[in-house]
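One-letter residues, chain by chain:
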Number of protein chains: 2
Amino acid sequence: MSSEETFAKLCLAEKPAESHAVKSLVFKPKTAKTATPVPIVVVALQTTSTPSPVIAQATALKDPRLARDELFKSFFNCDTAKEFTLGYLPNATTEFKLLIDQNLAALDETAVLQLNDTLFIKKSDLCQHLSAFESYKKLVDFSQEVKKEEKPKKEKTDKKEKAQSKAALEDAKLIGITVDKAKDFPGWYSQILTKGEMLDYYDVSGCYILRPPSYAVWENIQRWFDDKIKGLGVQNAYFPMFVSSRVLEKEKDHVEGFAPEVAWVTRAGSSELDEPIAIRPTSETVMYPYYAKWIQSYRDLPLKLNQWNSVVRWEFKHPQPFLRTREFLWQEGHTAFLTGEEAKEEVLQILDFYAGIYEELLAVPVVKGKKTEKEKFAGGDFTTTCEGYIPQTGRAIQGATSHHLGQNFSKMFNLTVENPKGPEFPKVYAYQNSWGISTRSIGVMVMVHSDNKGLVIPPRVAQFQAVVIPVGITKKTSDEQRHHIHESARDIESRLKKSGIRAFGDYNDNYTPGWKFSQYELKGIPIRIELGPKDIEQGHVTVVRRNDARKYSVKVEELETRIPEILDELHDDLFNKAKELYDSHRVVINEWKEFVPALNKKNVIIAPWCGVMECEEDIKESSAKKDDGEEFEEDDKSPSMGAKSLCIPFNQPELKDGQKCIKCDRAAIEYCMFGRSY
Amino acid sequence: MSSEETFAKLCLAEKPAESHAVKSLVFKPKTAKTATPVPIVVVALQTTSTPSPVIAQATALKDPRLARDELFKSFFNCDTAKEFTLGYLPNATTEFKLLIDQNLAALDETAVLQLNDTLFIKKSDLCQHLSAFESYKKLVDFSQEVKKEEKPKKEKTDKKEKAQSKAALEDAKLIGITVDKAKDFPGWYSQILTKGEMLDYYDVSGCYILRPPSYAVWENIQRWFDDKIKGLGVQNAYFPMFVSSRVLEKEKDHVEGFAPEVAWVTRAGSSELDEPIAIRPTSETVMYPYYAKWIQSYRDLPLKLNQWNSVVRWEFKHPQPFLRTREFLWQEGHTAFLTGEEAKEEVLQILDFYAGIYEELLAVPVVKGKKTEKEKFAGGDFTTTCEGYIPQTGRAIQGATSHHLGQNFSKMFNLTVENPKGPEFPKVYAYQNSWGISTRSIGVMVMVHSDNKGLVIPPRVAQFQAVVIPVGITKKTSDEQRHHIHESARDIESRLKKSGIRAFGDYNDNYTPGWKFSQYELKGIPIRIELGPKDIEQGHVTVVRRNDARKYSVKVEELETRIPEILDELHDDLFNKAKELYDSHRVVINEWKEFVPALNKKNVIIAPWCGVMECEEDIKESSAKKDDGEEFEEDDKSPSMGAKSLCIPFNQPELKDGQKCIKCDRAAIEYCMFGRSY
């Protein structure tokens, strides 16, 4: 009898009325290639999150990552991660560590645990099973904060100091970022988002909670863009989130692009639906049957509708906050024109607006261009894009796309009007565009500007642009003085608000100014305005910029003019710094031998190209470092990822006569931007 | 062999690659009770809509409605509507009419038709089957417009006139409402919504498309309410639309209220999900686990979040645009406080905002009050509501609700803070509220104000408040004069826009002013501004109100002050007219014998009540006309519907000493408002 079968005998035959869901995960630490890795088995309540740093600390092993299928095979003789149960533990081919979640250990011995869809076990029986591995076993409090390395000189502290240092740690727990942006970019990204209260993880994988600071960024983007498109005559509407399979599948190329990620509703209450209904991954096929119905005459053109909504793409790749999520917020504009010229003009106009969102609001530089045939929107004629750049990873990221659909969809959906020249001329199929920008833009903004102190939010989209903090209040300060300082600060706050600055004050005496400074640095408030007794005396305030701690002294009477100027300068400085990094990492390369080395230096590359799809695939293939047996996370620094074509930039270097393609022997027809990308 | 089996033999054994979906519907016309009804079988492409008026016209039968299960039994010996196929036709126990969709008839003889999930048939075989009923059969063009009854004097028209009258009809087809609000309220409602371009029907049942004019109403509501709640310190956020069953089912009373209507995603791409995921019907259980996590100290209270989103409630009752839809847009606010007092204060503040949306924006009067225990929000402490009234049907309609949840959810989700009095005191469970208003409000607005000419949209929420139309241009008008009139009109339009009026002009010379007037009356534009040669001479414009055709002459130099005044007067007049109707149909009744007669006169009733739930149920039961064998649509005038408790109005008549309950022998404790309702 196999060990799994033995284990299964311990399990309950029937599903109990109540149970606690339990996960069993296997991690592999970073190990020298020549060494045998020690797997880490974590058994925890489903509701307990088991961060990698805690596992690292509990095991004293480096950088544990979820193990891949191959490792399940070699460690436990179990074919895949999915099949793995605790019944495989006795198979172990190597020593392993076993971490038990303290919350799980705290349950009653009679509690029933649910291990997967079919396995239920009494807690006491599970303990019995695990007791065989007592020597490797450890109870872990996964909610603990990972301790920073303590400096040796701190070792000798008396009890009082210890109590204080504990408090300091508790403060640090509330406010501090413990991961270095340069050393662990994904860990840093996750920490600043959660500790900065932009976002929280959610119990449905791939879905995230947008907390007020991030939703406010989105609202500011919405307001700006909505005004712009309404100026072009676009109207907002709302189409249903559901789409029947018949309609979804109308445009074949299009549905092929989306089908693997479509979520299907098959049940309502306790009734199975007659036919499953899809949740929109995008709304072309939702909308265009109605466009065909509504547009009866060329006078009904152009039709320009937009909606602000959420769409669902059930990706199975590793999700990432903002960048790759199963539900995301966006706007999708869908327009129909009588002529291709009008449509093409709009495509570019909208792309300019998208570049405006990135550059003028988010302070993120982008490169505008056209996607290659391989990378364009499924079912469209051509796709224009603005492409951003994340300096830490050297990877490009698609910012937003504006598609010209040509007549492909209008032919599918029979979106025609009578020829304006007269009924004797053939009917005209409308020319269509669709265009969208999503909350992904918020992630790009965070990655580009934020630092090891926390978030840096550009002022034009920040929920709050300025925090007013009274300073210089000590034990010696009289109540009257204190009152005066507070009142003066409140006055500053109210003047700022009246002049349209999104300001607030923090007048809580229970926290020190220093604590507050860290707090609002973590949250990325663009400027803080300090006001102490001396400032009041001298009739000014001290303004400190979040991004670089640069200080200004501003006369109180000039508040209303200077603060907006300071915010604008801050915006410009953020943008220029990011632009310098992008510009200096966007290199023109004409020789293939320089291509991969340049990529490895975190560059995106502008290279002469033949325009042939096979060559594009060859470039991707040839620029990928082969997997050398070391696991990697795709979202890590990804040295092994090949370079995709990002866009054919509108701004083209001059092509020399007889210039060959970077990769093949064909003549180059244009410069194309390539890079590793999100 | 039964006739169904014979029919099944005609069908294909295998699902073909391509097929056309076909529906077969059975309608029953309105018939004297003593007469035997003649069922109408409609066979049509799924994509063809088969409006009741067209069926009525094609069969010369009155008011056909979808037949109920009982009738399938008596007509075709088929147990339910769902089981019915064309195979049952030979079973007919009575003569019937058979209408075939012209679009279906136009298909190739070899086309394959899909009749239900499993039945596929070649068109030629279906025709063979139906040929047995040739005598009852008729081909129908369902896209035709129902002809108005032509007046006899029009009978003698020559060919030219006929051509003209055909054109007139085509115009009417574009713009006219053909159903009388007083005679067929549901038919009228559906027509003004679709022809007024507020909304369109969608191919997933219970879902509708919000076109720009209705979405603009929603945007105006959003802007107003969003400003109000932000003034209270509420912040916007976005939580995922998906919720795991474990979390959804956490609060038992609550989930019982929603479970029958929850839509479940069970599949993504081609993979079955490990566990089904629900789409939120509301977000209490989505949000509160995170509230519990985020709120660590009483200093984190109050927490006030709101989201603008869509929710899904898969109702199986007859859907109605805006009023009962499977997906709808709303906002949901969720707040948590340290004390019950603060929470209760907010509940009422929000209810006032909701009443403000109805009264100040939509010009719809409401009655504020508290729901009874029976009608309150599942899982909450108490529910406050504002209740509207639809004069045509005499039915009340719930406008929006603001719930005080007490500590019920905070106990379930362990949302606690340390007692501010000190750690030696017990922990405090937060006091919570939730509150929401949905796009249903738009339906109420439409029902209350609109008329037989089309929509009437109150000016504060209308997408466009004024349309400028040049008039008095005849064949004799010189090009120069015409140009001058147009330029003057454009000037008026631009001045209005500059002063913040949502105005547009219609300068299309291909349509007559009269045609334009009807067009914008249909769409409910609050005022039209006419400008002709005489107006220009006299330096004024003619303003005509949509609601009552009242005319004003406004001096051009006073445009910027007078137009806003006229719009405000229009708002007030709409509101006052609706208020008079509501006030005069809200009657205080103290004797049970007057209760049902008052209901039948389209009143809502304010009656003394004992406060006992059984009595409330008894009132509903006793005020329902029993089904007398005549079918009715619930959404029709519904004479058989019992009176529900609507609310205990805050504004209470004085209760006399010793006043008994309207229904039972117990003492009355308060006045309660009862009525038939949506």
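- As recorded by an unreviewed UniProt entry, chain A carries the name proline--tRNA ligase and is attributed to Naumovozyma castellii.
- Under the UniProt heading Catalytic activity (unreviewed entry), the note attached to chain A is "tRNA(Pro) + L-proline + ATP = L-prolyl-tRNA(Pro) + AMP + diphosphate".
- According to its UniProt record, chain A has this under Sequence similarities (unreviewed entry): "Belongs to the class-II aminoacyl-tRNA synthetase family."

1. Comments concerning the interface of chain B and chain A
No. 1: Residue-level contacts link 65 residues of chain B with 65 residues of chain A.
No. 2: Across the chain B to chain A interface the summed buried area is about 5400 Å²; carbon plus sulfur atoms make up 56%.
No. 3: On the chain B side of the interface with chain A, the three residues burying the most area are Y202(B), Y238(B) and F242(B), jointly 12% of the side's total.
No. 4: Taken together, the connections running from chain B to chain A amount to seven salt bridges.
No. 5: Where chain B meets chain A, there are 32 residue pairs in polar contact (both at pLDDT 80 or more).
No. 6: When its residues are assigned to classes, the side of chain B that touches chain A shows 38 nonpolar, eleven polar and 16 charged.

2. Structural notes on the sheet that holds strand β27 (residues 586-588) of chain B
Hydrogen bonds along the backbone pair up the strands of a sheet, which may run parallel or antiparallel.
Residues and elements named next belong to chain B.
No. 1: Strand order in the open sheet formed by eleven strands is β10-β14-β15-β21-β18-β17-β16-β29-β30-β28-β27, and the pairing between neighbours is mixed. Unpaired on one side and paired on the other, β10 (235-236) and β27 mark the two borders of the sheet.
No. 2: Where β27 lies against strand β28 (residues 604-609), three bridges are found, and the strand directions are parallel. By the bridge assignment, V587 is partnered in β28 with I605.
No. 3: Of the strands in this sheet, β10, β14 (303-312), β15 (327-337) and β21 (431-438) are in contact with helix α8 (residues 212-231), which crosses β14 at around 165 degrees.
No. 4: Contacts between helix α12 (residues 340-361) and the sheet are confined to β14, β15, β16 (367-370), β17 (382-390), β18 (395-406) and β21, with β18 contributing the most and set at about 160 degrees to the helix.

3. Describing the pairing of strand β12 (residues 263-268) of chain B
No. 1: Most of β12(B) is tucked away, with five of its six residues classed as buried.
No. 2: As judged from the five bridges shared by strand β12 (residues 263-268) of chain A and β12(B), these two strands associate in the antiparallel manner. Paired with R267(A) across the strands is W264(B), a residue of β12(B).
No. 3: In the sheet, β12(B) pairs with strand β13 (residues 271-279) of chain B via four bridges, with the strands oriented antiparallel. Along β13(B), the bridge assignment pairs W264(B) with A278(B).

About the cut-offs
Residues numbered from 1 in each chain as written. Chains lettered and ligands numbered in written order. Predicted model: local features only at pLDDT ≥ 70, side-chain atom pairs only at ≥ 80, totals over all residues. Heavy atoms only, no water. UniProt positions renumbered as here; feature names shortened; annotations may be inferred. Contact = heavy atoms within 4.5 Å. Buried area = accessible area lost by both parts, 1.4 Å probe. Salt bridge = Lys/Arg side-chain N within 4 Å of Asp/Glu carboxyl O. Polar contact = N/O pair within 3.5 Å; in protein donor to acceptor, adjacent residues only side chain to side chain. Nonpolar A, V, L, I, M, F, W, Y, C, P; charged D, E, K, R; others polar. Pairing = 2+ DSSP bridges. Helix = DSSP H or I, 4+ residues; strand = E, 2+ residues; numbered from the N terminus. Axes fitted to C-alpha atoms, helices over the stretch in contact; angles between N-to-C directions. Buried < 20%, exposed > 50% of the residue type's maximum accessible area, 1.4 Å probe, protein only.

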